[in-house]
Amino acid sequence: MTTTETAESAWLTECVRLAAKNVKEGGGPFGALIVRDGEIVATGVNRVTPDLDPTAHAEVVAIRAACQALGTFKLDGCVLVSSCEPCPMCLASSLWARVDRVVYAADRHDAAKAGFDDLAFYDLFSTPRHTWAVPVTQVSIENGFTPFATWLDQPDRIDY
């Protein structure tokens, strides 16, 4: 086993420990870490039901904590480590955070066996939107691009 694989195994073991502990404390069975330069910067556990927040997944919680700890909204140079394959929302969040890599233990099929929708959402995103049970449609209006034009005209904007 390489040094990287050994470190990843240790991080994944910690994510699994955090997730199991979180279940005993009333949260969901997910844990995550943000690691930079081999050091844990932040942790997160699923807080959906305790916080009444459907976006409070372990990965998002860890990303938010890492950004605060590092004083940045870009996590380049960091690794997102999770007890389970990130759902589409969490995967998109990791892409927006610009992490270098994502590593996980259990997968979407394991999550589905435990009653979570990750697999169903991945399947949904591979189908045409017009077939979805929840309509997602664009309605074009005359000034719809105005916020973007204003953004582009802002000389001191911070691109992300």
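Structure shown above.
These numbers were taken from a predicted model, which means no experiment stands behind them.

Asks: Explain the sheet that holds strand E4 (residues 101-106) here, please?
Replies: Each strand in a sheet pairs with its neighbour through backbone hydrogen bonds, running either in the same direction (parallel) or in the opposite one (antiparallel). Across the sheet, four strands lie side by side as E2-E1-E3-E4; this open sheet has mixed pairing. Lying at the two open borders of the sheet, with one neighbouring strand each, are strand E2 (39-45) and E4. Neighbouring strand axes in the sheet, compared pairwise and without regard to direction, differ in orientation by 20 degrees on average. Where strand E3 (residues 78-84) lies against E4, five bridges are found, and the strand directions are parallel. Bridge pairing in E4 places Ser82 opposite Tyr104. With respect to the sheet, helix H1 (residues 3-24) is in contact with strand E1 (31-36), E2, E3 and E4, its orientation differing from that of E1 by roughly 145 degrees.

Asks: How do you make sense of the nonpolar core when you look at a structure like this?
Replies: One broad trend across soluble globular proteins is that nonpolar side chains are buried collectively. Core analysis: the largest hydrophobic core is formed by 16 residues, its most contacted members being Ile34, Ile63 and Leu75. Every element with two or more residues in this core is listed here: E1, helix H3 (58-70) and E3. Considering each element in turn, this core owes the most residues, five residues, to H3. Among all residues touching Ile63, those that are not within four sequence positions of it are Ile34, Leu75, Ser93, Ser94 and Ala97. Formed by 10 residues, the second largest nonpolar core is a distinct cluster that contains Cys15, Leu18, Val45 and Val79.

Asks: What is the right way to look at the side chain of Asn46 in this model?
Replies: Mapped onto the fold, Asn46 is located in the loop between E2 and helix H2 (48-51). Reaching out from Asn46, the side chain makes a polar contact with the backbone nitrogen of Val48 at a distance of 3.2 Å. Asn46 has contacts with Asn22, Gly27, Gly28, Phe30, Ala56, His57 and Ala58, leaving out every residue within four places of it along the chain.

Asks: What is the right way to read the packing of aromatic side chains from this model?
Replies: Aromatic rings in a pair are described by how distant their centres are and how their planes are angled relative to each other. In this structure the tally under the stated criterion is six aromatic pairs. Judged by centre distance (5.6 Å) and plane angle (40 degrees), the rings of Phe145 and Phe148 are tilted. Members of the aromatic cluster, connected to one another through ring pairs, are Phe73, Trp96, Trp151 and Tyr160.

Asks: Would you take a moment to explain the side chain of Ser83 for this structure?
Replies: Within the fold, Ser83 resides in strand E3. Residues contacting Ser83, with those up to four places away along its chain left out, are Cys15, Val16, Ala19, Pro29, Phe30, Gly31, Ala105 and Ala106.

Asks: Quick question: what am I supposed to make of H1 here?
Replies: Helical geometry: 3.6 residues make up each α-helical turn, so side chains three or four residues apart lie on a common side. Spanning 22 residues, H1 covers 32 Å between terminal C-alpha atoms, matching the ideal 32 Å at 1.5 Å per step. Residues of H1 that are buried: Glu8, Trp11, Leu12, Cys15, Leu18, Ala19 and Asn22. What you see down the axis of H1 is that its buried residues fit within an arc of 120 degrees, all on one side. The outward face of H1, more than 90 degrees from its buried face, is lined by the exposed residues Thr3, Thr13 and Lys24. Looking at the buried residues of H1, the elements they touch are E1, E2, E3 and E4. Taken from the residues just after H1, Gly26 is the one with a positive phi, measuring 100 degrees.

Calculation notes
Residues numbered from 1 in each chain as written. Predicted model: local features only at pLDDT ≥ 70, side-chain atom pairs only at ≥ 80, totals over all residues. Heavy atoms only, no water. Pairing = 2+ DSSP bridges. Helix = DSSP H or I, 4+ residues; strand = E, 2+ residues; numbered from the N terminus. Axes fitted to C-alpha atoms, helices over the stretch in contact; angles between N-to-C directions. Contact = heavy atoms within 4.5 Å. Core = buried A, V, L, I, M, F, W, Y, C linked by side-chain atoms within 4.5 Å. Buried < 20%, exposed > 50% of the residue type's maximum accessible area, 1.4 Å probe, protein only. Polar contact = N/O pair within 3.5 Å; in protein donor to acceptor, adjacent residues only side chain to side chain. Phe/Tyr/Trp six-rings, centres within 6.5 Å; stacked < 30°, edge-to-face > 60°. Expected span 1.5 Å × (residues − 1). Arc of directions from axis to C-beta.

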